[in-house]
Amino acid sequence: MLKIAIMGAMPEEIEPLLEYFKGYRVTNYAKNKYYEIEHKGCSIVVAYSKIGKVNSTLTTTTLIERFGCNKLLFSGVAGAVNSELKIGDLVVASKLAQHDLDISAFGHPYGYVPEGSVFEEADSELIELSKEVAKEKGFELKEGVIATGDQFVCDVVRKEWIAKTFKADALEMEGASVAVTCNALGVPFFILRSISDAADMDASFSFDEFLKSSAKISADFIVSMVERIIDNFK
Ligand code: 3QA
């Protein structure tokens, strides 16, 4: 049985989804809300985790272990690292790394811990499917590396360091932890982000201005993907 999790970090990132799917049942668990939806005979669970790697790990684990989700799609916004990315552009993560994970004092690369790996790869089938949906809908999608850390980056020096160290195209605060969790538990996942700012000195203003509109662009695309996944499943 297909059970799809759709996750965001902030309320604004899942609001367009709840609006689209309409009827839902709310379950409170671990200081969070989980919205259970029946759509075209398929189960969907929507949740926002709250910001950061710890919160997103908890929510991802809950969606999989408690709600039994076996596919996970993340929708949200991100800061641009690659200068080709403009406000509202969509980025699909091919792989993700934690830019603030640092045991380099022992000679290890940034983002690496023993028995882990610097990059976590996203599911290639879901990425393929997103390309088909993009083509069909006339959306422009950029596939790239996403760097995740527990900081809102609003500094060009930090941004350039992340760009150089991880060859990152965009940065945010949840993707890599969702990726580690899904890969450990064997659940295919897909991370989509729409650009809200350039992670520079104007980032907080740009973020406030574009959070809603960019979150909506991402959520609309995720909706098209979910419809496609359900149709393919039948
Ligand atoms: C951070 C949000 C967190 O979930 C990560 C947005 C967009 N631009 C970013 C940047 N650096 C890191 N991450 C991002 N999300 C926003 S905190 C504001 C909270 O305001 C992606 C992201 N430059 C709440 C009201 O006070």
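The rules we used
Counting from 1, residues in each chain are numbered in the order their sequence is written. Where totals are concerned, whole chains, interfaces and linings use all residues; where local detail is concerned, this predicted model gives features only for residues with pLDDT of at least 70, and gives and counts side-chain atom pairs only at 80 or more. Hydrogens are left out, water is left out, and the side-chain values use all remaining heavy atoms of the structure. By salt bridge we mean one thing: a side-chain nitrogen of Lys or Arg within 4 Å of a carboxyl oxygen of Asp or Glu. Secondary structure follows DSSP: runs of H or I at least 4 residues long count as helices, runs of E at least 2 residues long count as strands, and numbering of each begins at the N terminus. Between buried and exposed lies partly exposed: a residue is buried under 20% and exposed over 50% of the maximum accessible area for its type, with that area taken using a 1.4 Å probe on protein chains only. Any residue with a heavy atom positioned within 4 Å of a molecule or strand is treated as near that molecule or strand. N or O atoms closer than or at 3.5 Å make up a polar contact, with two conditions inside protein: a donor-capable atom paired with an acceptor-capable one, and, for residues adjacent in sequence, both atoms drawn from side chains. Only the protein chains shown count as cover for residues, with accessible areas throughout obtained via the Shrake-Rupley method and a probe of 1.4 Å. Here a cavity denotes a set of grid points, spaced 1 Å apart and computed over the protein atoms alone, in which a 1.4 Å probe fits but from which it cannot get out, and a pocket denotes an open set meeting protein on both sides within 12 Å along at least five of seven lines; residues with an atom within 4 Å of a point are reported as lining. More than half of a molecule's atoms lying within 2 Å of a cavity's or pocket's grid points is what places that molecule inside it. Three categories are distinguished: nonpolar for Ala, Val, Leu, Ile, Met, Phe, Trp, Tyr, Cys and Pro, charged for Asp, Glu, Lys and Arg, and polar for the others, with Gly belonging to the last. Residues are treated as being in contact if the distance between any of their heavy atoms lies within 4.5 Å. Simply put, an axis is a line fit to the C-alpha atoms, just over the touching stretch for a helix, and the angle between two N-to-C directions goes from 0 to 180 degrees. If an angle is under 35 degrees, it is roughly parallel; if it is over 145, roughly antiparallel; if it lies from 65 to 115, roughly perpendicular; otherwise it is oblique. Two helices that cross are described as forming a left-handed crossing if the nearer one is turned anticlockwise from the farther one by less than a right angle, and a right-handed crossing if clockwise. By convention in this document, the label disulfide applies to cysteine sulfur atom pairs within 2.5 Å. Note: two strands are recorded as paired if DSSP finds a minimum of 2 bridges between them. By convention, a stacked pair of Phe, Tyr or Trp rings (six-membered ring in the case of Trp) has centres within 6.5 Å and planes under 30 degrees apart, an edge-to-face pair has planes over 60 apart, and any other such pair is tilted.

Further remarks concern the pattern of salt bridges. A side chain with one charge may pair with a side chain of the opposite charge, provided their charged atoms come close. With the rule as written, the count across this model stands at 11 salt bridges. In this structure, Glu132 engages Arg228 in a salt bridge whose closest nitrogen and oxygen atoms are separated by 2.7 Å. Taken together, the positions of Glu132 in helix 3 (residues 124-137) and Arg228 in helix 6 (residues 203-233) put the pair 96 residues apart, joining distant regions of the chain. The class for Glu132 is partly exposed, based on a relative accessible area of 39%.

All buried positions along helix 5 (residues 175-185) are accounted for by Gly175, Ala176, Ser177, Val178, Ala179, Thr181 and Cys182. Once helix 5 ends, the next one or two residues include Gly186, with phi positive near 70°.

Every one of the 18 residues lining the ligand counts as a neighbour, but Val77, Val153, Leu171, Glu174 and Asp197 are closest to it. One of the backbone nitrogen or oxygen atoms of Val153 is found 2.8 Å away from a nitrogen atom of the ligand. Contact with the protein chains hides 73% of the accessible area of the ligand, taken as 600 Å² for the molecule alone. Taken atom by atom, the bulk of the ligand overlaps the largest pocket. Secondary structure elements with two or more residues in the shell around the ligand: strand 5 (71-80), strand 9 (170-172) and strand 10 (189-197). Of the residues belonging to the shell around the ligand, the class tally is 11 nonpolar, three polar and four charged.

A few words now on helix 1 (residues 11-21). Inspection of helix 1 places Glu13, Ile14, Pro16, Leu17, Leu18 and Phe21 among the buried residues, and these make up the whole buried set. Those residues of helix 1 hidden inside the fold are in contact with strand 1 (3-8), strand 3 (32-39), strand 4 (42-48), strand 5, strand 10 and helix 6. Taken from the residues just after helix 1, Lys22 is the one with a positive phi, measuring 60°.

When two helices pack together, you describe them by how their axes are tilted relative to each other and by the distance separating the axes. The contact between helix 1 and helix 6 brings their axes to 8 Å, and the two run at 45°. The pairing of helix 1 with helix 6 is recorded here as oblique in orientation. Relative to helix 6, the crossing made by helix 1 is right-handed. Here helix 1 contributes Glu12, Glu13, Pro16, Leu17, Tyr20 and Phe21 to the contact with helix 6, which in turn contributes Leu211, Lys212, Ala215, Lys216, Ala219, Ile222, Val223, Val226 and Glu227.

Looking now at the state of the cysteines. Summed over all chains, the structure comprises zero disulfides. The cysteine Cys69 is free of any disulfide, with Cys42 supplying the nearest cysteine sulfur at 9.7 Å.

Let us now look at the packing of helix 2 (residues 53-65) against helix 5. Contact geometry of helix 2 with helix 5 gives a least axis separation of 8 Å together with a crossing angle of 30°. By the angle class used here, helix 2 and helix 5 are roughly parallel. Judged by the twist between their axes, the crossing of helix 2 over helix 5 is right-handed. Between helix 2 and helix 5, the contacting residues are Lys53, Ser56, Thr57, Thr60, Thr61, Ile64 and Glu65 on the first element and Ser177, Val178, Thr181, Cys182 and Leu185 on the second. Classifying every residue of the contact of helix 2 with helix 5 by side-chain character gives four nonpolar, six polar and two charged.

What follows deals with the pairing of strand 4. When you tally the buried positions in strand 4, you get six out of seven residues, the bulk of the element. As paired strands, strand 1 and strand 4 are joined by six bridges and run parallel to one another. Pairing of Lys3 across the sheet is with Ser43, part of strand 4. Of the strand pairs in this sheet, strand 3 and strand 4 are connected by five bridges, and their pairing is antiparallel. By the bridge assignment, His39 is partnered in strand 4 with Cys42. In this antiparallel pair of consecutive strands, strand 3 and strand 4, the connection spans two residues, and Lys40 shows a positive phi of 50°.

With that settled, consider the packing of aromatic side chains. Enumeration according to the criterion identifies eight aromatic pairs in this entry. On the basis of an interplanar angle of 85° and a centroid distance of 4.8 Å, the ring pair of Tyr110 and Trp161 is categorised as edge-to-face. Of this pair, Tyr110 sits in the loop between strand 6 (90-98) and strand 7 (120-121) while Trp161 sits in helix 4 (residues 156-166), and the two are 51 residues apart along the sequence. A centroid spacing of 6.4 Å and a plane angle of 85° characterise the contact between Phe119 and Phe166, whose relative ring orientation is edge-to-face. Here Phe119, found in the loop between strand 6 and strand 7, pairs with Phe166, found in helix 4; they are 47 residues apart in sequence, far enough to count as distant.

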